[in-house]
Structures are given as structure tokens and as C-alpha cells.
Amino acid sequence: MRLKLIKEYSSEEKSNLRHEISISYGSLEKLRQRTARGGCRDPVMVDDFMIHQALEKGATYQYEKVIPTVDAMASLTPKRVELINFIRLNEVSSIMGLSKALDRDYKNVYDDLMALERNGVMEFSKEGKNRKPLLKADRIVIEFG
Amino acid sequence: MVEIKKDEDMIFYSYNYLVKSDKQWKRYIRWDNFQKQPHVDRYDDTGNLTATEQCRGKTLKEVVELVGIFGKNLISMDLSRV
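Bear in mind the structure is a predicted one, so any value in this text is a computation, not a measurement.

**Student:** Teacher, can you tell me more about the overall build of chain A here?
**Tutor:** Scanning chain A from terminus to terminus reveals seven helices and five strands. For chain A, the α and β elements follow one another from N to C terminus as β-α-α-α-β-α-α-α-α-β-β-β. Seen along its three principal axes, the alpha-carbon backbone of chain A occupies a region of about 55 × 45 × 25 Å. Relative to its 145 residues, chain A shows a buried fraction of 39%. With the model as given, the accessible surface of chain A reaches about 8,700 Å², and the carbon-plus-sulfur share is 49%.

**Student:** How do you make sense of the nonpolar core when you look at a structure like this?
**Tutor:** Looking at soluble globular proteins, one finds that nonpolar side chains tend to be buried together. Residues and elements named next belong to chain A. Of all hydrophobic cores here, the largest spans 19 residues; its most connected members are Leu83, Ile87, Leu98, Leu113 and Met122. Put simply, the parts of the chain that give this core at least two residues each are strand 1 (2-8), helix 5 (78-89), helix 6 (95-101), helix 7 (106-118) and strand 3 (122-127). The element contributing the most residues to this core is helix 7, with four residues. For Ile87, the contacting residues outside a window of four places in its chain are Val92, Leu98, Leu113, Met122, Pro133 and Leu135. With 18 residues, the next largest nonpolar core counts Ile21, Leu28, Leu31 and Val46 among its residues.

**Student:** Explain the domain arrangement of chain A here, please?
**Tutor:** Where the parts come together, the accessible area they lose is often given as the size of the interface. Residue and element names in this part refer to chain A. Splitting chain A by domain gives domain 1 (8-64) and domain 2 (66-143). Each of domain 1 and domain 2 has a C-alpha centre, and the two are 28 Å apart. Tallying the contact residues gives four residues for domain 1 and five residues for domain 2. Between domain 1 and domain 2 the total buried area reaches about 320 Å² when both faces are included, carbon and sulfur atoms providing 31% of it. When the buried surface of domain 1 facing domain 2 is broken down by residue, Glu8, Tyr63 and Glu64 rank first, second and third, together holding 90% of it. The interface formed by domain 1 and domain 2 holds one salt bridge in total. Between Arg139 and Glu8 there is a salt bridge, with its nearest N and O atoms 4.0 Å apart. Counting every contact that joins domain 1 to domain 2 gives one residue pair in polar contact (both at pLDDT 80 or more). If you tally residues by element for the side of domain 1 that touches domain 2, the top one is strand 2 (residues 62-67), at three residues.

**Student:** Would you explain the packing of helix 5 of chain A against helix 7 of chain A in this entry?
**Tutor:** Packed helices, taken two at a time, are described by the angle between their axes plus the distance between the axes. Residues and elements named next belong to chain A. It is the contact of helix 5 with helix 7, at a shortest axis distance of 10 Å, that shows an interaxial angle of 85 degrees. Taken together, helix 5 and helix 7 sit at an angle that is classed as roughly perpendicular. Of the residues in helix 7, those touching helix 5 at Lys79, Arg80, Leu83, Ile84 and Ile87 are Val109, Asp112, Leu113, Ala115 and Leu116. Its residues placed into classes, the contact of helix 5 with helix 7 shows seven nonpolar, no polar and three charged.

**Student:** Explain the interface of chain A and chain B here, please?
**Tutor:** If you look at the interface, chain A gives 11 residues, while chain B gives 12 residues. Between chain A and chain B, the buried area comes to about 1,100 Å², and carbon and sulfur atoms account for 71% of it. When the area that chain A buries against chain B is broken down by residue, the three leading residues are Cys40(A), Asp47(A) and Met50(A), summing to 46%. Across the salt bridge formed by Arg30(B) and Asp47(A), the nearest N and O atoms sit 2.8 Å from each other.

**Student:** I tried to follow a nonpolar patch on the surface on my own but got confused; where do I start?
**Tutor:** On the surface, Met1(A), Ile142(A) and Phe144(A) cluster together into a nonpolar patch covering about 330 Å² of accessible area. Residue position: Phe144(A) is located in the segment after strand 5 (139-143).

So, how was this worked out
- Residues numbered from 1 in each chain as written.
- Chains lettered and ligands numbered in written order.
- Predicted model: local features only at pLDDT ≥ 70, side-chain atom pairs only at ≥ 80, totals over all residues.
- Heavy atoms only, no water.
- Helix = DSSP H or I, 4+ residues; strand = E, 2+ residues; numbered from the N terminus.
- Buried < 20%, exposed > 50% of the residue type's maximum accessible area, 1.4 Å probe, protein only.
- Areas by Shrake-Rupley, 256 points an atom, 1.4 Å probe, with all protein chains shown as cover.
- Core = buried A, V, L, I, M, F, W, Y, C linked by side-chain atoms within 4.5 Å.
- Contact = heavy atoms within 4.5 Å.
- Domains from an automatic or database assignment.
- Buried area = accessible area lost by both parts, 1.4 Å probe.
- Salt bridge = Lys/Arg side-chain N within 4 Å of Asp/Glu carboxyl O.
- Polar contact = N/O pair within 3.5 Å; in protein donor to acceptor, adjacent residues only side chain to side chain.
- Axes fitted to C-alpha atoms, helices over the stretch in contact; angles between N-to-C directions.
- Parallel < 35°, antiparallel > 145°, perpendicular 65-115°, else oblique.
- Nonpolar A, V, L, I, M, F, W, Y, C, P; charged D, E, K, R; others polar.
- Patch = residues over 30% accessible without salt bridge, like charges linked within 9 Å, V, L, I, M, F, W, Y side chains within 5 Å.

Spelled out as C-alpha cells, the structure:
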């Protein structure tokens, strides 16, 4: 049994991803030159270059993460599923805001979010002093066998 | 793993086998078809490329099977079998 986390990127997210890739190498041109020179010596760079190129041509982008252990299933407790659903359907700007909205103890919500982050379901973006929880997946598929 | 498809055709793939050591994921084997050249790359503990060999194109299913075969003996495996 395994969990498959799937996220289909929106146009804006794809544009942001392209921008992030370019910036992390200085510019797209630098990435292009380094990939032509470096090849297999920097495999992450090759992947980034190919992804950037495909997105530039209008490709759809789907992120998938497979969690193969039964432990991952155990990590999806009813409370955590409730968290995921709430974040999916509502604008959440901070962990504190989330705990208030759900009328749950801050520490428990924090611990649940950290567990979900460890399993690749959740990530955080910094907004001022707050950490905004974001879902890394918009579909969670359970596969048997 | 990255797969780029056009319709049903696979234009680019990269499958990476990583091993967790000292809380860090280290890449040991990578199969990809960068510049339309199916090949396999092998890396050492420090992430440096140590070997590149041509191979016929690999599917994810084949890669998963290979990784399953070599498993914990990956470091000492015979690269020619990959």
C-alpha cells in the first residue's frame, strides 16, 4: 500500500516555478550555458533545464510524490485530514489563524502540520512573522499492491 | 524523477536512485536520456560523477526492478548490468 500525492500546477504556479529556476542559476541564459557545458556532472541542473524548457513551451506540470510505507497511512489521522480539507477550502495565513479557526490547541495544530510537512503533504511560505501553511498536493491517491 | 511527455511519447526522463546517509540524500545512479542519449551515470559518495555508460532507453518500471535487484548492494554492483 502506498500514498501518492499529486499536485497539478496552475499557470501562475508554473510561471513562478520557471522564474525560481532561472533565478537560482542567475538567469536562464546562464542555466542554458552551464547545462550545455556541465551535462551529467550536475543532474539537478539538467532536470531544472528540461523542466524550464518544457514549461516555456506550454507544458502542463504535475508534481507527484509517492510515500511507500504504511507509516504514511498512519500519519493521516482524522484531525490531519480535517486540517488538509480546511486549508484546501479556506484562505489560511498563519498557523495561529488556523488553530483559532478550528478551535484547536496551537501546539497540536503545529505538530500535525509538521508531521504533514515531513511526509511531503504540506509546505510553508513566510509572510512577515507568520508561516503560511500551503498544501503541496491537491490529490492524495491510495494505491494497493 | 522527471518525465516529460508529448502526447504519449516520452521526450525526456531522468530517474535517480538516492540513498540516505548522514541525514542527506545522496545520488548514486541516474538513468536519463539528456540530449536524446539514453545512458546511465554513477556517482560517488561526494556526488561526483564517476562513470557514464550508454544504455538503451529505460522505463520507470525497469528502473524500479533494477533498483530492487541491486538494493543494498548498489555500491558494489556491476554497472554493466544496469
